[in-house]
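Here is what each chain is made of, one letter per residue.
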Amino acid sequence: MSRVRAIRRFVVRTVLPESLAALETLALNLRWSWHPPTRDLFAAIDPEVWDACGHDPVRLLGEVSGDRLMELAADAGFVTWVEQANADLQAYLSSPRWFQTLGADAPRGIAYFSPEYGITSALPQYSGGLGILAGDHLKTASDLGVPIIALGLFYRSGYFRQTLSRDGWQQEQYPVSDPDGSPVSLLREADGSPAKVTIGLPGGRSLTARIWVAQVGRVPLLMLDSDVEENGPAEREVTDRLYGGGGEHRLQQEMLLGIGGMRAMRTYCRITGRPEPEVFHTNEGHAGFLGLERIRELIADNPEMSFDEALEVSRASTLFTTHTPVPAGIDRFPIDLISQYFGGDNSSAGVPVDRVLTLGAESFDGGDPSVFNMAVMGLRLGQRANGVSLLHGEVSRGMFSGLWPGFDNEDVPITSVTNGVHGPTWTARQVIDLAGGASIDDAEGWQAIADTPDDHWWQVKRALREELVAMTRRRLRESWLHRGASEAELSWIDSVLDPDVLTIGFARRVPSYKRLTLMLRDQDRLRALLTDPERPVQLVVAGKSHPADDGGKRLIQQLVQFADAEDVRHRIVFLPDYDMAMATTLYPGCDVWLNNPIRPLEASGTSGMKAALNGALNLSILDGWWDEWFDGENGWAIPTANGVDDADRRDDLEAEALYSLIETSVAPAFYTRDASGLPPRWLAMVKHTLRTLGPKVLASRMLREYVTRLYTPAAAAARAIEADSYALATDLSAWKSRVSDSWSGIRIDHVEADGVGDAVMQGGRIVVRAYVSLGVLEPSDLSVQVVYGRVDADDRLVGAETADMEAVEQYDGGRWLFRRELEMDRNGPFGYTVRVLPRHRGLASPQELGLQSVPVLADGLSA
């Protein structure tokens, strides 16, 4: 074999016979990644090459022989098959979908920004959950007809490939992703030249990028690539690796994503004629600079517009989604670095660097004045914000409460939309077939699957376990050969795993909070579970640690070294290089999905959702989505050691709870069989899971929520603020300045109530009056609210409701009387207080400015 290595690898695509030309169209639209009939077509071209190419149609067409293509071109049946597949694709792309039924209030378009996208393993531009979620978002948008344009970066090396050393230490390789051999096409101008965008850098430098387009069904994904001749060596490396490099390198990536992404989107719409988006959705702070670019655009197009007015226009149509429950997960840059990149010779007209710095400043109690916080900027640049599960929304409101000082956490204006997963991608084909043609995008399909006779379901699940066993043995053999073992040493792999044994899966990234090695806290106890002669369990584990995280690598090494032991290696395996291709066999083949993070550090977690779609039961800490949807019949909740401060003690307690659940609940349910050899309790839980969780965990549910609760209101706000030459923006920015400057003059002087005696009867009424000094402000500037409800022993309101009070009388000195009548519709301890909030039709919520006025003490009474 030659020792000479090529300095560049690329794919020469086959010139297809005219009768098969539609194969290229089918290969370049990534709908094939979730459409089995299209994959069947490509597999039929050459099954061996198809498998060797990792089920990648573009690679297949580049490697299949010309003779084989000519043979197929002469096969009338195959040509008809191609024509029918292409006709089906065109019908899918053009027919009205759910979104088209919403009418004129729905947004004309949405721009969706993410630093990574997990569409298919054939396009490795993802590292973990954020990218997989973004990919599912796009696929679902395509299925529902939501007019999204997605923006990202094209990384030459994507994320790393993971292998193991002989002693189980993670090793990383960065294979080159050649766009010419990927399912993407170059965006070109009318004259055929590549379309490009350029952003400024300090020192008179610039960063240019070309634009690759991946067609995700109906949705175009635009990916910027800095590896172009116009750039110097350093600039060409900006899109070298996903999440690679240090602070300045990361900053350049995020400027290219946000600023360059906006310019790429404008370029794409100009070339294609597609309507420009009305709504802008940024995932995490990585793309936050898109807001600065929109402000720059607005001022450039409207020279009379102020920065504050442009900020209001941009904010109205921007949604910020936070995906992390811990401050350490947020990108933060030194203030001096931001000043260098957005000031001096790289400053933009109308966008002064001091205003830029203010947007990302941690100007709250406990904040670090030396850093620029990308999530904080995202929240200040977006009028709407959300977390990705109910619990994560609660955690986020607490984490970012410093931006709304004085408000209770529940009043912080961050809502939540619980994540979901794309059913056609993550549900095994054998499971989908059980729906009998009913759509798995709604409850009807999942009811049909749940109605499958028990014996037939059990056969399907065993077949899926067999596929997992086969994949595991193949990948494990490849891993051991890479680790230096000889083929002669590996005969034992042929007996690894058993398709009739209870199979537990655990696969995810390996930061410390996900606790990969919690299962190893008592190794003797785990060994006993694995080797139990009557009720054994087997574990399939996978996950990558960040290349710079040696702590995570040590966790992997500990797990691998335990799994290498001869007495358990047939029952527990660690599979390197966890990716989408592995996941689509792993999830369906597992009976139980294990998740044991430190609560509440899992924002959502979607791997358990994918397993549930394939009839797996979750065994999880009550965190993320599981905290929301666990009902006692769809799996098991691992008890948490709440209140235990010692981390080792906490882990010991929760590991013991995990072992006990497997031993006393999980394994007995799986192995207790009836006269026909089936596990009735287990199957009842599985059917319940399919019927109830199936519709909930879908990305179609998630995206419908985004459209109705966030995208459509943002579009309405955008239209309102842009009307009449941005009249509302002018009014809103001036009003905010006036109210902020005058807020200190507001005072609640006195609160009283009529109808409050020694006893208030249920069904009775009380009248609350508040005397409020407004200073120079008017009642129209404010919302004076009575806040009322049940109170606890410390007179704290529990589950409070609010009602606006009416201004009924004016006195000298800007003093007003406000009044509200309340019905006592519940018994028990009751209380109320009064607060004052800003009010303007341009606000998405009255908490938006972070201003409120409350009395020093609240009145309380018993009803």
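Our subject is the structure listed above.
Source: prediction; values computed, not measured.

## What to know about the overall build of the chain
Here is step 1 of the chain: A tally of regular secondary structure across the chain gives 27 helices and 28 strands.
Here is step 2 of the chain: Relative to the globule expectation of 29 Å for 863 residues, the C-alpha radius of gyration of the chain, 29 Å, shows essentially globular dimensions.
Here is step 3 of the chain: For the chain, the proportion of its 863 residues judged to be buried stands at 57%.
Here is step 4 of the chain: A fraction of 72% describes how many contacts in the chain between residues 6 or more apart in sequence connect residues 24 or more apart.
Here is step 5 of the chain: Accessible surface for the chain amounts to roughly 34,100 Å². Of this, 49% is attributable to carbon and sulfur atoms.

## With respect to the sheet that holds strand β26 (residues 815-823)
Here is step 1 of the chain: Here we have 4 strands laid out as an open sheet, ordered β21-β22-β26-β25, and antiparallel in their pairing. Of all strands in the sheet, those with a lone pairing partner are β21 (747-754) and β25 (806-811), marking the two edges. Adjacent strand axes in the sheet meet at a mean angle of 20 degrees when their direction is disregarded.
Here is step 2 of the chain: Bridging between β21 and strand β22 (residues 765-773) involves 7 bridges; their strand directions are antiparallel. If you follow Ala-753 over to β22, its bridge partner there is Val-768.

## What to know about helix α18 (residues 443-450)
Here is step 1 of the chain: Buried within α18 are the following residues: Gly-445, Trp-446, Ile-449 and Ala-450. An end-on view of α18 places all buried positions within 135 degrees of arc, on one side of the element.
Here is step 2 of the chain: Residues of α18 that are buried in the fold lie against α17 (429-433), α19 (454-482), α23 (607-613) and α26 (680-696).

## Focus: the pattern of salt bridges
Here is step 1 of the chain: Following the criterion strictly, the structure yields 61 salt bridges and no others.
Here is step 2 of the chain: Between Arg-515 and Asp-651 there is a salt bridge whose closest N-O contact spans 2.6 Å. Of the two residues, Arg-515 sits in the loop between β15 (502-507) and α20 (523-530) while Asp-651 sits in helix α25 (residues 647-671), which places them 136 residues apart along the sequence.
Here is step 3 of the chain: Asp-651 sits in the buried class, given a relative accessible area of 11%.

## Some points on the packing of helix α9 (residues 247-272) against helix α10 (residues 290-301)
Here is step 1 of the chain: It is the contact of α9 with α10, at a shortest axis distance of 7 Å, that shows an interaxial angle of 55 degrees. Classified by the angle their axes make, α9 and α10 are oblique. As α9 runs across α10, the sense of the crossing is right-handed. Listed contacts from α10 to Gly-258, Ile-259, Met-262, Arg-263 and Arg-266 of α9 are Leu-290, Glu-293, Arg-294, Arg-296 and Glu-297.
Here is step 2 of the chain: The class makeup of the residues in the contact of α9 with α10 is 3 nonpolar, 1 polar and 6 charged.

What counts and what doesn't
One numbering rule holds for all chains: residues counted from 1, following each sequence as written. Per-residue local features of the predicted model are confined to residues with pLDDT of at least 70, and side-chain atom pairs are confined, for both listing and counting, to 80 or more; whole-chain, interface and lining totals are unaffected and use all residues. Side-chain metrics rest on all non-hydrogen atoms present in the structure, leaving aside hydrogens and water. Secondary structure elements follow DSSP: runs of H or I no shorter than four residues count as helices, runs of E no shorter than two count as strands, and numbering proceeds from the N terminus. All radius of gyration figures rest on C-alpha atoms, and the globule criterion is 2.2 Å times the number of residues raised to 0.38. When accessible area is computed with a 1.4 Å probe and restricted to protein chains, residues below 20% of their type maximum are described as buried, those above 50% as exposed, and intermediate ones as partly exposed. Any two residues having at least one pair of non-hydrogen atoms within 4.5 Å are treated as being in contact. For every accessible area listed, the method is Shrake-Rupley and the probe measures 1.4 Å; residues are considered covered only by the protein chains on display. The pairing criterion is simple: DSSP has to find at least two bridges between the two strands. Only the stretch in contact is used when fitting a helix axis, every axis being a line fitted to C-alpha atoms; angles between N-to-C directions are given from 0 to 180 degrees. In this context, the arc is that of the directions from the helix axis out to the C-beta atoms. A carboxyl oxygen of Asp or Glu within 4 Å of a side-chain nitrogen of Lys or Arg is what we treat as a salt bridge. What sets the label is the angle itself: under 35 degrees gives roughly parallel, over 145 gives roughly antiparallel, 65 to 115 gives roughly perpendicular, and the rest give oblique. Take the far helix as the reference: if the near one is turned anticlockwise from it by less than a right angle, the crossing is left-handed, and if turned clockwise, right-handed. Nonpolar residues are Ala, Val, Leu, Ile, Met, Phe, Trp, Tyr, Cys and Pro. Charged residues are Asp, Glu, Lys and Arg, and all others, Gly as well, are polar.

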